[in-house]
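# Descriptive analysis of the structure
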Number of protein chains: 2
Amino acid sequence: MPLRREHKELINLMPLQTGGMLTEAAKEALVEFGDGYSVCDFCQGVLCNITNPPIRDFVQKLLPQFLGCEVATITHGAREAKFIVMHSLANPGDSILVDGNRHYTTAVAAERAGLNIIEVPHSGHPEFRVNIEEYEPLIKKHAPKLILLTYPDGNYGNLPDARRLGEIAQEYSIPFILNGAYAVGRMPVSMEEIKADFIIGSGHKSMASAGPVGVLGMKKKWEETVLRKSTRHSNKDIELLGCTVRGVPLMTLIASFPKVKERVQHWDEQVAKAQWFSAELEKLGFIQLGEKPHRHDLLHFEAPALYEISKRVRERGYFLYKELRERGIWGPQPGLARSFKLSTFAADKQQLGLVIDAFKAILNKYS
Amino acid sequence: MPLRREHKELINLMPLQTGGMLTEAAKEALVEFGDGYSVCDFCQGVLCNITNPPIRDFVQKLLPQFLGCEVATITHGAREAKFIVMHSLANPGDSILVDGNRHYTTAVAAERAGLNIIEVPHSGHPEFRVNIEEYEPLIKKHAPKLILLTYPDGNYGNLPDARRLGEIAQEYSIPFILNGAYAVGRMPVSMEEIKADFIIGSGHKSMASAGPVGVLGMKKKWEETVLRKSTRHSNKDIELLGCTVRGVPLMTLIASFPKVKERVQHWDEQVAKAQWFSAELEKLGFIQLGEKPHRHDLLHFEAPALYEISKRVRERGYFLYKELRERGIWGPQPGLARSFKLSTFAADKQQLGLVIDAFKAILNKYS
């Protein structure tokens, strides 16, 4: 039986997926480089130096320009990039300072590296804001080896004042990682402007790539530490185990890049669309969590009315996913109805109008 | 300009690539699951527990049966699997004992984990055999925390006596990793029969998958150590950073699996084909390195006559790759002519006949 994704053609609002849908060029690259070690045809020993296909140009020129960094490399994804930096710059037992909205993989990567994480708390329900001014007292108290900010976080789509944190990190000379898994490839973001030491992006989350693949940018001064070479194999990066994404996800990242670079220029339209959509859903009694006005396509809603329905129907929380799917919409994580995340990034305003109408119809059907 | 692989349709003899060419089912899965986080549609938090697509069944049932192990998981590739085991079972400063034919990534993974590697030497030119009996004195001398055997190695395609090493490892109670990146998916191999503690395979190298993706099998007794969960996120594997191959390479691995399972049953035909091909090239004055009679499709040849030609032509070593490409053959790493590796795995006997004729024609052309 062939492996199928039945909802592939639906309107997609799943935050994990809206920034990772392939461009036409990426779909071609996917087929062209589908076979195993397809990118290694002309390899001379180092993935990021391969000139055919043009990986070197992408990694050494296009990516640093795009990320606003001095040196870039390819990783298996954002979490793997975080581990690489943590494992290179901190030692077991060290502490790192992270935002209270950090992705779970920040904690798991730190645990894998033997590090303690100190969290800067968020403001709690309903906005869950991270106040950058709270970093400084915690820096003084814990002397962290690294600072990390999730920009935006994947739960509420909040965008804290990263630039201010960059200034604080510089003042205390603590390396600062900007986890931009939901930023890089969606919105303009520059490591240099934010004054971060590292910037991390996710190809499959936000750069129109097959999964998994990530990007890691850094200041030149960290190159020797993070991209240190093996003593026995002098051209091989220790933290990359030689080469990371030796296959097709990297080629889709490269193929999509021109479109991705272009699309971040239209970020203001994305934000306006998200705000309009959020306001329309709030008219239905939904409550948008996170910052208001919202500045990202990732939106988290509470839906008390849908939750009430889920308590009295046979499918429980799954009723919402089923009702939406029947209406041509793929959105909330199947099973969730009380609160769920949606992303307006991939849908146009007309499609979002259909989504709003669908929610209205579902509420009416069960009222 | 679209990204192209111009030699995609040629007869492929490149050892990195012959076992990773996609099956028809994998080509379909590639397109179906090309978008970003495509496998996460119905995720409940753990990649290897996803039932739609049927990842759980593959990882928890099909793979352990196939590998002859008790517990299996998915990794980004063989090198990442080696690092996971090393990082879980040994501490910085510990020593591990590996074969002299180990892949470079074994050394780099050990270095990343802070481990010293002790090498069991091979016998040198021309056979480069690893004698398993040499492990025991080195075990006594160094008390290694892990033993690793490359089976076969990627330079000569030698198959040392893995089962004997399994007995020795058991006798000394030292965990034993079988790196089967060139075995799993090509030839029958069972962790249990070999008495290893871990077995590692590569999807893109030998299991007809897009790259990168790997498999890691282990004894049940290592599950708690290697697949230990995060203290903060109790369903997330620390060493996997939650989930590893969250995308299309995993789906090609699953899609190809029925064919891969079937093809290993024809390994005797593969060995016969490799031996015949090797004998034919030796008639041309090439010298096959590694074990004789050879028991794997990965063959390493010295070609003194081609080397002599390369010294007097403008393209140097690249002349060979160009001459072969013109004849519809993709094989030795571009630039190599003095000695090079070829794999007979993906070509049939008729195609290999064309390859032999091509080498004859090239030798004649420059004689």
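Structure: above.
Notes on the structure follow. (Residues numbered from 1 in each chain as written. Chains lettered and ligands numbered in written order. Predicted model: local features only at pLDDT ≥ 70, side-chain atom pairs only at ≥ 80, totals over all residues. Heavy atoms only, no water.)

### Comments concerning the overall build of chain A
Counting its secondary structure elements, chain A contains 15 helices and 12 strands. For 367 residues, the compact-globule formula gives about 21 Å, and the C-alpha radius of gyration of chain A, at 21 Å, lands near that figure. Reported as C-alpha extents along the three principal axes, the dimensions of chain A are approximately 70 × 55 × 35 Å. Burial status across chain A gives 65% buried among its 367 residues. Look at the contacts in chain A between residues 6 or more apart in sequence, and 67% of them connect residues 24 or more apart. Summed over its atoms, the accessible surface of chain A is roughly 13600 Å², and 49% of this surface lies on carbon and sulfur atoms. Separation of charge centres in chain A, based on 46 positive and 43 negative side chains, amounts to 4 Å. (Helix = DSSP H or I, 4+ residues; strand = E, 2+ residues; numbered from the N terminus. Rg over C-alpha atoms; globule rule 2.2 N^0.38 Å. Buried < 20%, exposed > 50% of the residue type's maximum accessible area, 1.4 Å probe, protein only. Contact = heavy atoms within 4.5 Å. Areas by Shrake-Rupley, 256 points an atom, 1.4 Å probe, with all protein chains shown as cover. Lys, Arg positive; Asp, Glu negative; His and termini not counted. Charge placed at Lys NZ, Arg CZ, Asp CG, Glu CD.)

### So, helix 2 (residues 55-67) of chain B
Residue and element names in this part refer to chain B. The sharpest bend along helix 2 measures roughly 25° and falls at Lys-61, with the proline Pro-64 sitting one to four residues further on. Buried within helix 2 are the following residues: Ile-55, Phe-58, Val-59, Leu-63, Pro-64, Phe-66 and Leu-67. Backbone geometry just after helix 2 places Gly-68 at a positive phi near 65°. (Bend = angle between axes of the 7 residues up to and from the residue.)

### Some thoughts on the sheet that holds strand 12 (residues 339-343) of chain B
Strand-to-strand pairing in sheets goes through backbone hydrogen bonds, with the strands running parallel or antiparallel. Strands sit in the order 9-10-12 (chain B) across an open sheet of three strands; the sheet is antiparallel. Two strands lie at the open edges of the sheet, namely strand 9 (287-288) and strand 12 of chain B, each paired on one side alone. (Pairing = 2+ DSSP bridges.)

### Considerations on helix 11 (residues 248-263) of chain A
An α-helix turns once every 3.6 residues. As a result, residues three or four positions apart point the same way. Residues and elements named next belong to chain A. With 16 residues, helix 11 should cover 22 Å at 1.5 Å per step; its first-to-last C-alpha distance of 22 Å lies within 8% of that length. Phe-257 marks the point of greatest bend in helix 11, at about 50°, and the proline Pro-258 comes within the next four residues. Among the 16 residues that make up helix 11, 12 are buried, leaving the element largely enclosed by the rest of the structure. Within the span of helix 11, buried status applies to Val-248, Pro-249, Leu-250, Met-251, Thr-252, Leu-253, Ile-254, Ala-255, Ser-256, Phe-257, Val-260 and Arg-263. (Expected span 1.5 Å × (residues − 1).)

### Some remarks on the pattern of salt bridges
Throughout the structure, instances matching the rule amount to 56 salt bridges over all chains. Across the pair Arg112(B) and Glu239(A) runs a salt bridge, and its minimum N-O distance is 2.8 Å. Remark: Glu239(A) occurs in the loop between helix 10 (223-226) and helix 11 and Arg112(B) occurs in helix 4 (residues 104-112); the pair is interchain, linking two chains. Accessibility expressed as a relative area gives 9% for Arg112(B), which makes it buried. Among the residues examined, Glu239(A) registers a relative accessible area of 2% and is labelled buried. A cluster of three or more residues bridged by salt bridges with shared partners is formed by Glu127(A), Arg129(A), Glu291(A) and Arg295(A). (Salt bridge = Lys/Arg side-chain N within 4 Å of Asp/Glu carboxyl O.)

### A few points about the packing of aromatic side chains
To describe a pair of aromatic rings, you give the distance between the ring centres and the angle between the ring planes. Residue and element names in this part refer to chain A. Counted under the stated rule, the structure contains 27 aromatic pairs over all chains. With 6.2 Å between their ring centres and 85° between their planes, Phe-286 and Phe-340 make a pair best called edge-to-face. Here Phe-286, found in the loop between helix 12 (267-283) and strand 9 (287-288), pairs with Phe-340, found in strand 12 (residues 339-343); they are 54 residues apart in sequence, far enough to count as distant. Phe-340 shares its class with Phe-286; the two are buried. (Phe/Tyr/Trp six-rings, centres within 6.5 Å; stacked < 30°, edge-to-face > 60°.)

### Points about the packing of helix 4 (residues 78-89) of chain A against helix 5 (residues 104-112) of chain A
Residue and element names in this part refer to chain A. With their axes 9 Å apart at the nearest point, helix 4 and helix 5 run at an angle of 35° to one another. Where helix 4 crosses over helix 5, the two elements pack in a sense that is right-handed. Every residue of helix 5 that contacts helix 4 at Arg-79, Lys-82, Phe-83 and Met-86 is listed here: Tyr-104, Thr-105, Thr-106, Ala-109, Ala-110 and Arg-112. A per-class count over the contact of helix 4 with helix 5 returns five nonpolar, two polar and three charged. (Axes fitted to C-alpha atoms, helices over the stretch in contact; angles between N-to-C directions. Left-handed = near helix turned anticlockwise from the far one by under 90°. Nonpolar A, V, L, I, M, F, W, Y, C, P; charged D, E, K, R; others polar.)

### Things to note about the sheet that holds strand 12 of chain A
Residues and elements named next belong to chain A. Across the sheet, three strands lie side by side as 9-10-12; this open sheet has antiparallel pairing. Every interior strand has two partners, whereas the edge strands, strand 9 and strand 12, have only one. Contacts from helix 12 reach strand 9, strand 10 (298-302) and strand 12, with the element oriented near 5° to strand 10.

### Re the interface of chain B and chain A
Each partner contributes residues to the interface: chain B has 79 residues there, and chain A has 79 residues. Here chain B meets chain A over a buried area of about 6800 Å², counting both sides, of which 55% is carbon and sulfur. On the chain B side of the interface with chain A, the three residues burying the most area are Leu3(B), Arg112(B) and Leu241(B), jointly 13% of the side's total. Between chain B and chain A we count 12 salt bridges in total. Counting across the interface, chain B meets chain A through 54 residue pairs in polar contact (both at pLDDT 80 or more). For the side of chain B that touches chain A, the element with the highest residue contribution is helix 4 of chain B, accounting for seven residues. In the side of chain B that touches chain A, the residues fall into 38 nonpolar, 21 polar and 20 charged. (Buried area = accessible area lost by both parts, 1.4 Å probe. Polar contact = N/O pair within 3.5 Å; in protein donor to acceptor, adjacent residues only side chain to side chain.)

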